[in-house]
Amino acid sequence: MLECRSLSVVYGKKISALKDVSLKVDQGEIVTVIGANGSGKTTLLKAISGVFRLDEGEVSFEGGALSGVPMHKIARLGIAHVPEGRRIFSRLTVLENLELGAYGQKKAILDKRLEEAYRIFPLLKERASQLGGTLSGGEQQMLAIARALMAEPKLLLLDEPSMGLAPVIVEKIYSTIKNISRQGLTILLVEQNAQISLSIAKRGYVLENGQIALSGLSGELLNNPLVQEAYLG
Amino acid sequence: MFVQQLINGLALGSIYALIALGYTLVYGILLMVNFAHSEIFMLGAFFALGALSLSWVSGLPAFMQLLLALLLAMFASAVTGALIERVAYKPLRHASRLAPLISAIGVSIFLQNLVFLFVTNQSVPFPRIVPLWHLELGNSQISSLQILVIAVSFLLMGFLRFFIQKTSLGKAMRATAGDRMMAEFSGIPTERIISLAFLIGGALGGAAALLNGMYYGSIKYNMGFLVGIKAFTAAVLGGIGNVTGAVLGGLLIGILESLGAGYIPGGSEWKDIFSFAVLILVLLVRPEGLLGERVSEKV
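Here's a quick rundown of the structure. (Residues numbered from 1 in each chain as written. Chains lettered and ligands numbered in written order. Predicted model: local features only at pLDDT ≥ 70, side-chain atom pairs only at ≥ 80, totals over all residues. Heavy atoms only, no water.)

## Thoughts on the overall build of chain A
Phase 1: Secondary structure assignment for chain A yields ten helices and ten strands.
Phase 2: Against the 2.2 N^0.38 benchmark of 17 Å for 233 residues, chain A shows a C-alpha radius of gyration of 17 Å, consistent with a compact globule.
Phase 3: If one aligns the C-alpha atoms of chain A with their principal axes, the spans along those axes are about 45 × 40 × 30 Å.
Phase 4: The burial tally for chain A puts 52% of its 233 residues in the buried class.
Phase 5: Here the analysis covers contacts within chain A between residues at least 6 apart in sequence; of these, 68% occur between residues at least 24 apart. (Helix = DSSP H or I, 4+ residues; strand = E, 2+ residues; numbered from the N terminus. Rg over C-alpha atoms; globule rule 2.2 N^0.38 Å. Buried < 20%, exposed > 50% of the residue type's maximum accessible area, 1.4 Å probe, protein only. Contact = heavy atoms within 4.5 Å.)

Structure representation (structure tokens):
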């Protein structure tokens, strides 16, 4: 479904953020990319959704190349990006945040998706008229995911959904992600928390200094001594 | 006298508020002061005058003339605003923040001189269009023109508020102002939203220009400068980027200017000083403005 072929992204002509990164995500899979802070995980997702221009390589989605396609069109192709730090529209209400996730859709479709989003996250219904910025971190993460689901994407890009959240909340969010995936949604999940992301992913890649250091099935990675030492502590 | 100055100030402030909205809408999204906005206002006045002198317009009843002049001035100013954005700012989108600012000043000088050279360097009388009468309110009076200025301004501001709060495009606009990248991730074509902000700002500037022309009875190539800076002050006072703040700031500046001119002996001679004193005070005491939020610099 998604294929990245030897991606390279260079910041300001000098610092190389991604170097020759190739990865593949198939229909219905959860694939995770783990790595330390600054290893290029966020850059990778941003390169896929069109924030960064690629210096080399190509991203293709359902067979079509994404280079040169503006960000909002990539979103419309069915790639929903839940960015690092959630980036809720803080001055807009929860309901408005959700509505914008389905921007450009007719009212009937919007209402149907809204109902579905509230079914997955009942809490958001209670908070519907509250400003996004007043939600707690965990609630904001739920809203960010719900907003992305409002677009009915084919591929969900998740950037560190566990960041800054209490373990109980992280578990809750991960079980939701797992449930969403069971309904057939393809997910590319970037995480620092290797333990939890490998527990729900089918396959994983390890990113180190902008390069893929290792890849394999989640079980293999979990048992790999290098991964255990560096990421599972 | 107080009520009289309040009425005068409200009319004046309505015009400032309409123009201030143009500054604030653009700043809210691009974090850039559109210094050419004052010239969109000036051109709007000439567009309105042009519309009124069309032979098929000048024969119509006053109400129809007013409506057509308003719509044409708003339309032409809106297009001008969006055109300026396309030509002078869009190519500089990824340049430093100073570049579009300088470009804006350049556009402003260019447009003023364009009118100076190719239209006229003189004051041009502007028709009042509607019959002039006064309504007595105790010791004060309100003129038909003041009623018109206030009514049209508040109507337009009401439309804008509805648009921004309730429509899907309005929500997209607020989202773009809040977080442009996230808006793109949500499938919102933010470049088009930026054009829309310039269109709306320009249209409001055009409406303000028509009202201003009718109210003062003359227009000139350099009329935008002072009014523009005062409206900008209003936007800063209210909290630049904040729509309600721009309206509040505009009305406050208008009222302050009227009260100052009325109460301070010889005040009308230096009435312009009040707005700028406010600008300095705001920047010193509360730089984020009345309704603005204290935000850290975006990285």
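## Thoughts on the overall build of chain B
Phase 1: A count of helical and extended segments in chain B gives twelve helices and four strands.
Phase 2: For chain B, whose C-alpha radius of gyration is 19 Å, the value lies close to the compact-globule estimate of 19 Å for 299 residues.
Phase 3: C-alpha extents for chain B along the principal axes are approximately 55 × 50 × 40 Å.
Phase 4: For chain B, the proportion of its 299 residues judged to be buried stands at 56%.
Phase 5: Sequence separation of at least 24 residues holds for 75% of the intrachain contacts in chain B that already meet a minimum separation of 6.
Phase 6: Put simply, chain B shows about 13400 Å² of open surface, and 70% of that area lies on carbon and sulfur atoms. (Areas by Shrake-Rupley, 256 points an atom, 1.4 Å probe, with all protein chains shown as cover.)

## Description of unusual backbone geometry
Phase 1: At E160 of chain A, a residue that is not glycine, the phi angle is positive and equals roughly 45°.
Phase 2: Structurally, E160 of chain A is set in the loop between β7 (155-159) and α7 (167-182).
Phase 3: When its relative accessible area of 5% is taken as the criterion, E160 of chain A is described as buried.
Phase 4: For L31 of chain B, which is not glycine, the phi dihedral falls at a positive 50°.
Phase 5: Relative to the helices and strands, L31 of chain B is located in the loop between α1 (2-30) and α2 (37-53).

## Observations regarding the nonpolar core
Phase 1: The biggest cluster of nonpolar side chains holds 97 residues, and the ones touching the most others in it are M173, L210 and M214 of chain B.
Phase 2: With 15 residues, the single largest contributor to this core is α1 of chain B.
Phase 3: Not counting chain neighbours up to four residues away, the residues in contact with L210 of chain B comprise A48, L52, L66, A69, L70, F126 and I129 of chain B.
Phase 4: Listed in part, the 37 residues of the second largest apolar core include Y118, I145, L156 and I180 of chain A. (Core = buried A, V, L, I, M, F, W, Y, C linked by side-chain atoms within 4.5 Å.)

## Details of the sheet that holds strand β8 (residues 186-191) of chain A
Pairing between sheet strands relies on hydrogen bonds along the backbone, with the strands arranged either parallel or antiparallel.
Residue and element names in this part refer to chain A.
Phase 1: Across the sheet, six strands lie side by side as β6-β7-β8-β3-β9-β10; this open sheet has mixed pairing. Two strands close off the open sheet at either side, each with one partner strand: β6 (79-82) and β10 (211-217). Neighbour-to-neighbour, the strand axes of this sheet turn through a mean angle of 15°, independent of strand direction.
Phase 2: Where strand β9 (residues 203-208) and β10 come together, six bridges link them in antiparallel fashion. From the neighbouring strand, R203 faces β10, where its bridge partner is L217. (Pairing = 2+ DSSP bridges. Axes fitted to C-alpha atoms, helices over the stretch in contact; angles between N-to-C directions.)

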